[in-house]
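Each chain is listed here by its residues.
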Amino acid sequence: MTLVQAKLSPNAVRELQSICQSFGNDKGELINILHKSQDFCGYLPPDVQEVIAEELDIPVSTVYGVVTFYSLFVMEPRGKHHISICTGTACFVKGAMDVMDEFKLLLGIDVGETTPDGKFSIDSLRCIGACGLAPVVMVGEKIYGRITPDDVINILDDYKDK
(Lines give C-alpha, C1' and ligand atoms only; values in the text may rest on other atoms or scores of the structure.)
Protein backbone atom coordinates (compact mmCIF):
# COMPACT_ATOMS: atom_id res chain seq x y z
CA MET A 1 0.00 0.00 0.00
CA THR A 2 1.40 3.39 -0.94
CA LEU A 3 1.33 6.53 1.17
CA VAL A 4 -1.54 8.04 -0.86
CA GLN A 5 -3.67 4.92 -0.36
CA ALA A 6 -3.14 5.22 3.38
CA LYS A 7 -5.81 7.98 3.32
CA LEU A 8 -8.42 5.39 2.37
CA SER A 9 -9.79 3.04 4.97
CA PRO A 10 -8.74 -0.59 4.60
CA ASN A 11 -12.38 -1.46 3.82
CA ALA A 12 -12.49 1.14 1.04
CA VAL A 13 -9.26 -0.21 -0.46
CA ARG A 14 -10.65 -3.76 -0.33
CA GLU A 15 -13.88 -2.66 -2.02
CA LEU A 16 -11.96 -0.89 -4.81
CA GLN A 17 -9.78 -3.96 -5.26
CA SER A 18 -12.94 -6.07 -5.42
CA ILE A 19 -14.41 -3.78 -8.08
CA CYS A 20 -11.26 -4.16 -10.17
CA GLN A 21 -11.26 -7.92 -9.66
CA SER A 22 -14.92 -8.13 -10.73
CA PHE A 23 -13.69 -6.95 -14.14
CA GLY A 24 -10.76 -9.37 -14.14
CA ASN A 25 -8.26 -6.58 -13.38
CA ASP A 26 -8.48 -5.92 -17.12
CA LYS A 27 -7.13 -2.50 -18.08
CA GLY A 28 -9.51 -2.57 -21.06
CA GLU A 29 -12.32 -2.30 -18.50
CA LEU A 30 -10.95 0.92 -16.98
CA ILE A 31 -14.02 3.03 -17.80
CA ASN A 32 -16.37 0.44 -16.29
CA ILE A 33 -14.15 0.18 -13.21
CA LEU A 34 -14.11 3.96 -12.85
CA HIS A 35 -17.93 4.06 -13.09
CA LYS A 36 -18.35 1.46 -10.35
CA SER A 37 -15.65 3.07 -8.22
CA GLN A 38 -17.30 6.49 -8.52
CA ASP A 39 -20.64 4.91 -7.59
CA PHE A 40 -18.95 3.51 -4.48
CA CYS A 41 -16.93 6.60 -3.47
CA GLY A 42 -19.03 9.38 -4.94
CA TYR A 43 -16.02 10.77 -6.79
CA LEU A 44 -12.53 9.73 -7.92
CA PRO A 45 -9.86 11.47 -5.83
CA PRO A 46 -6.16 10.70 -6.42
CA ASP A 47 -6.03 7.99 -3.74
CA VAL A 48 -8.84 6.05 -5.44
CA GLN A 49 -7.13 6.44 -8.81
CA GLU A 50 -3.92 5.09 -7.34
CA VAL A 51 -5.60 1.94 -6.02
CA ILE A 52 -7.16 1.33 -9.43
CA ALA A 53 -3.86 1.90 -11.24
CA GLU A 54 -2.07 -0.48 -8.93
CA GLU A 55 -4.72 -3.18 -9.34
CA LEU A 56 -4.71 -2.88 -13.14
CA ASP A 57 -0.92 -2.54 -13.30
CA ILE A 58 -1.10 0.69 -15.29
CA PRO A 59 0.38 4.14 -14.59
CA VAL A 60 -1.68 6.48 -12.42
CA SER A 61 -1.31 9.02 -15.24
CA THR A 62 -3.37 6.72 -17.48
CA VAL A 63 -6.19 6.57 -14.93
CA TYR A 64 -5.96 10.33 -14.37
CA GLY A 65 -6.08 10.95 -18.12
CA VAL A 66 -9.34 9.02 -18.47
CA VAL A 67 -10.87 10.62 -15.36
CA THR A 68 -10.11 14.13 -16.59
CA PHE A 69 -11.11 13.42 -20.21
CA TYR A 70 -14.67 12.29 -19.53
CA SER A 71 -16.93 14.88 -17.92
CA LEU A 72 -18.99 12.28 -16.09
CA PHE A 73 -16.03 11.47 -13.85
CA VAL A 74 -15.29 13.92 -11.06
CA MET A 75 -12.34 14.36 -8.73
CA GLU A 76 -14.10 16.55 -6.17
CA PRO A 77 -17.12 15.58 -4.11
CA ARG A 78 -20.42 16.68 -5.55
CA GLY A 79 -23.50 17.74 -3.67
CA LYS A 80 -26.08 15.19 -2.63
CA HIS A 81 -28.23 16.56 -5.47
CA HIS A 82 -26.02 17.27 -8.45
CA ILE A 83 -27.52 19.68 -10.98
CA SER A 84 -26.31 19.58 -14.59
CA ILE A 85 -27.48 22.25 -16.99
CA CYS A 86 -27.19 21.42 -20.68
CA THR A 87 -25.46 24.20 -22.59
CA GLY A 88 -25.46 22.49 -25.98
CA THR A 89 -26.60 24.53 -28.97
CA ALA A 90 -30.36 23.91 -28.69
CA CYS A 91 -30.40 24.49 -24.92
CA PHE A 92 -28.15 27.53 -25.19
CA VAL A 93 -30.36 29.15 -27.83
CA LYS A 94 -33.49 28.45 -25.77
CA GLY A 95 -32.18 30.10 -22.59
CA ALA A 96 -29.97 27.63 -20.72
CA MET A 97 -27.69 30.41 -19.48
CA ASP A 98 -30.63 32.25 -17.87
CA VAL A 99 -31.64 29.00 -16.17
CA MET A 100 -28.05 28.48 -15.01
CA ASP A 101 -27.88 32.03 -13.67
CA GLU A 102 -31.04 31.42 -11.63
CA PHE A 103 -29.62 28.23 -10.09
CA LYS A 104 -26.41 30.09 -9.24
CA LEU A 105 -28.35 32.98 -7.71
CA LEU A 106 -30.67 30.84 -5.60
CA LEU A 107 -27.94 28.48 -4.40
CA GLY A 108 -25.25 31.12 -3.96
CA ILE A 109 -22.65 29.05 -5.79
CA ASP A 110 -20.97 29.04 -9.18
CA VAL A 111 -20.59 26.26 -11.72
CA GLY A 112 -18.27 23.59 -10.35
CA GLU A 113 -19.06 24.44 -6.73
CA THR A 114 -21.03 22.76 -3.97
CA THR A 115 -23.25 24.48 -1.42
CA PRO A 116 -21.68 24.72 2.06
CA ASP A 117 -24.20 22.20 3.41
CA GLY A 118 -23.19 19.69 0.71
CA LYS A 119 -26.74 19.45 -0.58
CA PHE A 120 -26.37 20.87 -4.11
CA SER A 121 -23.68 21.25 -6.75
CA ILE A 122 -23.88 22.67 -10.27
CA ASP A 123 -22.12 21.97 -13.52
CA SER A 124 -22.78 22.39 -17.20
CA LEU A 125 -22.62 19.76 -19.88
CA ARG A 126 -22.63 19.98 -23.63
CA CYS A 127 -25.51 17.79 -24.76
CA ILE A 128 -27.60 15.03 -23.26
CA GLY A 129 -29.47 14.24 -26.46
CA ALA A 130 -32.82 15.72 -25.39
CA CYS A 131 -32.74 18.72 -27.71
CA GLY A 132 -36.50 18.61 -28.26
CA LEU A 133 -36.94 19.42 -24.56
CA ALA A 134 -34.49 22.35 -24.53
CA PRO A 135 -33.43 23.82 -22.25
CA VAL A 136 -32.76 20.72 -20.17
CA VAL A 137 -31.62 20.30 -16.56
CA MET A 138 -30.67 17.05 -14.86
CA VAL A 139 -30.81 16.61 -11.10
CA GLY A 140 -29.07 13.32 -10.47
CA GLU A 141 -30.63 11.04 -13.07
CA LYS A 142 -33.93 12.94 -13.35
CA ILE A 143 -34.39 15.07 -16.47
CA TYR A 144 -36.38 18.30 -16.50
CA GLY A 145 -37.27 19.75 -19.89
CA ARG A 146 -38.40 23.11 -21.24
CA ILE A 147 -37.14 24.81 -18.09
CA THR A 148 -37.44 28.54 -17.53
CA PRO A 149 -35.77 30.57 -14.78
CA ASP A 150 -39.15 30.65 -13.01
CA ASP A 151 -39.09 26.81 -12.77
CA VAL A 152 -35.80 26.71 -10.89
CA ILE A 153 -37.24 27.46 -7.44
CA ASN A 154 -39.74 24.62 -7.81
CA ILE A 155 -37.03 22.18 -8.86
CA LEU A 156 -34.95 23.12 -5.82
CA ASP A 157 -38.01 22.79 -3.57
CA ASP A 158 -38.41 19.18 -4.78
CA TYR A 159 -35.03 18.36 -3.21
CA LYS A 160 -34.99 20.69 -0.22
CA ASP A 161 -35.95 18.04 2.35
CA LYS A 162 -34.43 14.99 0.63
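Here the structure is a predicted model, which means the values were calculated and not measured. (Residues numbered from 1 in each chain as written. Predicted model: local features only at pLDDT ≥ 70, side-chain atom pairs only at ≥ 80, totals over all residues. Heavy atoms only, no water.)

**Focus on a nonpolar patch on the surface**
Together, Ile-31, Phe-69, Tyr-70 and Leu-72 give the surface a local cluster of nonpolar side chains, amounting to about 390 Å² of exposed area. Looking at the element boundaries, Leu-72 is found in the loop between α4 (60-69) and β1 (81-86). Take Leu-72: its relative accessible area is 40%, and that puts it in the partly exposed class. (Patch = residues over 30% accessible without salt bridge, like charges linked within 9 Å, V, L, I, M, F, W, Y side chains within 5 Å. Areas by Shrake-Rupley, 256 points an atom, 1.4 Å probe, with all protein chains shown as cover. Salt bridge = Lys/Arg side-chain N within 4 Å of Asp/Glu carboxyl O. Helix = DSSP H or I, 4+ residues; strand = E, 2+ residues; numbered from the N terminus. Buried < 20%, exposed > 50% of the residue type's maximum accessible area, 1.4 Å probe, protein only.)

**Comments concerning the layout of surface pockets**
In this structure, the largest pocket spans a volume of roughly 590 Å³. In terms of lining residues, the largest pocket is bounded by 20 residues, among which Gln-38, Leu-72, Arg-78, His-82 and Glu-141 are the most central. Among the elements of the structure, α2 (30-41), β1 and β2 (120-125) are those that each provide at least two residues to the lining of the largest pocket. Per-class residue counts for the lining of the largest pocket are six nonpolar, nine polar and five charged. Val-74, Arg-78, His-82, Gly-112 and Asp-123 are the residues nearest the centre of the second largest pocket, which is lined by 15 residues in total. Tallying contributions element by element places β2 first for the lining of the second largest pocket, with three residues. (1 Å grid on protein atoms, 1.4 Å probe; cavity = no way out; pocket = protein on both sides within 12 Å on 5 of 7 lines; lining within 4 Å. Points joined across faces, edges and corners; volume = space filled by probe spheres on them. Nonpolar A, V, L, I, M, F, W, Y, C, P; charged D, E, K, R; others polar.)

**Concerning the pattern of salt bridges**
Summed over all chains, the structure comprises four salt bridges. Linking Arg-78 and Asp-123 is a salt bridge whose minimum nitrogen-to-oxygen distance equals 3.4 Å. Remark: Asp-123 occurs in strand β2 and Arg-78 occurs in the loop between α4 and β1; sequence separation between them is 45 residues. Its relative accessible area of 29% is what places Arg-78 among the partly exposed residues. A relative accessible area of 14% places Asp-123 in the buried class. For Asp-101, the salt bridge goes to Lys-104, with nearest N and O atoms at 3.7 Å. Of this pair, Asp-101 and Lys-104 both sit in helix α6 (residues 96-107), three residues apart, roughly one helical turn. The exposure class assigned to Asp-101 is partly exposed, which follows from its relative accessible area of 40%. Residue classification places Lys-104 among the partly exposed positions, given a relative accessible area of 26%. Salt bridges sharing common partners tie together Asp-101, Lys-104 and Asp-110.

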